[in-house]
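Tertiary structure, described
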Amino acid sequence: MIAHIMPNLEHVAYYSIPFFIGNSVLIPSRAIASITSPLIAKAWKQNDIQKIKEIYVKSALNQFLFGGIIFLIIWLNIDHGLSILPPNWNVEGVKLVILFIGLSKLFNVATGVNGQIIINSKYYRFDLYSNLLLLFISILTNYIFIQENNPLFSYGIHGIAGAAFATAISVLIFNFVKMIFLFYKLDMQPFNINNVKLLLLMLISYLIISVLPIDDFIENIYLNIFIRCGILMIVFVPLTIVLKISMDINRIFINIWNYLKGG
């Protein structure tokens, strides 16, 4: 649709690279999904609804945790990363694409393995209906927001940024509908107080690192990015463990600690 609506085919290339950068937030969730899929299928076979609820909550929290780390790494280094691009690129448009795609995928992972739960249940047909809804909304929103005469043009949302915004809206509605469906049909939802603590921790970590005068001391782009990522890990990981946000992560840390002590 970008190639069809916009005058130059080069905009497709301008969109593809930031899209894949924002889409990298999904990488950890794919590994988690491959683990949870057979567990969900087995739980449905045994009609163990409580087990499914447990997997749903844990998947949402852990996917949000790992996806959040990747999003923070990207966004904390966004200006330095984009400075590497050729001068003819629309940097602001590319930046908005990464933001919208990254946030949409972050919401996607934060809602857990809702799609797998639906597919493996007797309500599997709903997955087809929700995907048709996604297709319809994607086409409609892309057609609206890629064009320059859309209502949000004054905010820089048009062209490739408009396409990313359309994708963000579509993904948000798609996952929200599935989440509401599971709550209505099976009385399950993926959130608890730990999700709130994790969101606050992400915001605090971002604010702490973004106000540090790292640019005043480190001019080298690559060293700057490395230091920002290092500070993020120093701030984020210990607080995640201390606040006991994810018991799975704490269990791994305890096992590693015991192994090192034993060694």
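Just so it is clear, the structure is predicted and the values come from calculations on it, not from any experiment.

The helix and strand tally for the protein stands at 13 helices and 0 strands. Whereas a compact globule of 263 residues would reach a radius of gyration of roughly 18 Å, the protein reaches 20 Å, a difference of no more than 12%. Considered along the principal axes of its C-alpha atoms, the protein spans approximately 55 × 50 × 25 Å. By residue count, 44% of the 263 residues in the protein fall in the buried class. Across the protein, the fraction of contacts at a sequence separation of at least 24, relative to all contacts at a separation of at least 6, is 78%.

Evaluated as defined, the whole model comprises 5 salt bridges. For the salt bridge of K95 with D79, the shortest nitrogen-to-oxygen distance reads 3.0 Å. Taken together, the positions of K95 in helix α6 (residues 91-110) and D79 in helix α5 (residues 78-82) put the pair 16 residues apart, joining distant regions of the chain. Owing to a relative accessible area of 49%, D79 belongs among the partly exposed residues under this scheme.

What follows deals with unusual backbone geometry. Its identity is not glycine, yet N47 carries a phi of approximately 55°, on the positive side. By the secondary structure assignment, N47 is in the loop between α3 (27-45) and α4 (49-76). One non-glycine residue, K244, lies in positive phi territory at about 55°. Mapping K244 onto the fold places it in the loop between α12 (221-242) and α13 (247-262). The class of K244 is exposed, set by a relative accessible area of 51%.

Before going further, it helps to spend a moment on the packing of α3 against α4. Viewed as axis vectors pointing N to C, α3 and α4 meet at an angle of 180°, and their least axial separation amounts to 10 Å. Taken together, the axes of α3 and α4 are roughly antiparallel relative to one another. Mapping the contact onto sequence places P28, S29, I32, T36, L39, I40, A43 and W44 in α3 and I49, K51, I52, I55, S59, N62, Q63, F66, G67 and I70 in α4.

Note on placement: N175 falls in helix α9 (residues 159-186). Note on N175: relative accessible area 1%, which makes it buried. Separated by 3.4 Å, the side chains of N175 and T111 make a polar contact. Apart from the residues within four sequence positions on either side, N175 is in contact with F107, N108, T111 and N114.

With that settled, the discussion passes to helix α10 (residues 193-211). Across its 19 residues, α10 extends 27 Å between first and last C-alpha, which sits within 8% of the 27 Å expected from 1.5 Å per residue. All of the buried residues along α10 are N194, N195, L198, L201, M202, S205 and I209. Angular distribution of buried residues about the axis of α10 spans 120°; they occupy a single face of the element. Counted as exposed and oriented over 90 degrees from the buried face of α10: I193, L207 and V211. Close packing links the buried residues of α10 with α4, α6, α11 (214-217) and α12. By the N-cap criterion, in which a side-chain oxygen at the helix start approaches the backbone nitrogen of a residue two or three places on, α10 is capped by N192, the distance to N194 being 2.9 Å.

Once that is clear, we can look at the nonpolar core. By size, the foremost hydrophobic cluster in this structure holds 43 residues, and its most contacted members are Y15, I98, L106, I160, L198, M202 and F236. Looking at this core, the elements that each hand over two or more residues are α2 (10-23), α4, α5, α6, α8 (125-146), α9, α10 and α12. Those residues within four positions of L198 in sequence are excluded, and the remaining contacts are L61, F64, L65, F236 and I245. Counting residues in each nonpolar core, the second largest holds 15 residues, with Y56, M179, F181 and L186 among its members.

What follows deals with the side chain of N114. Tracing the backbone through its elements, the reader meets N114 in helix α7 (residues 114-119). A polar contact of 3.4 Å, which involves the side chain of N114, links it to the side chain of T111. Excluding residues within four positions of it along the chain, N114 makes contact with Y56, N175, K178, M179 and L182.

Analysis parameters
- Residues numbered from 1 in each chain as written.
- Predicted model: local features only at pLDDT ≥ 70, side-chain atom pairs only at ≥ 80, totals over all residues.
- Heavy atoms only, no water.
- Helix = DSSP H or I, 4+ residues; strand = E, 2+ residues; numbered from the N terminus.
- Rg over C-alpha atoms; globule rule 2.2 N^0.38 Å.
- Buried < 20%, exposed > 50% of the residue type's maximum accessible area, 1.4 Å probe, protein only.
- Contact = heavy atoms within 4.5 Å.
- Salt bridge = Lys/Arg side-chain N within 4 Å of Asp/Glu carboxyl O.
- Axes fitted to C-alpha atoms, helices over the stretch in contact; angles between N-to-C directions.
- Parallel < 35°, antiparallel > 145°, perpendicular 65-115°, else oblique.
- Polar contact = N/O pair within 3.5 Å; in protein donor to acceptor, adjacent residues only side chain to side chain.
- Expected span 1.5 Å × (residues − 1).
- Arc of directions from axis to C-beta.
- Core = buried A, V, L, I, M, F, W, Y, C linked by side-chain atoms within 4.5 Å.

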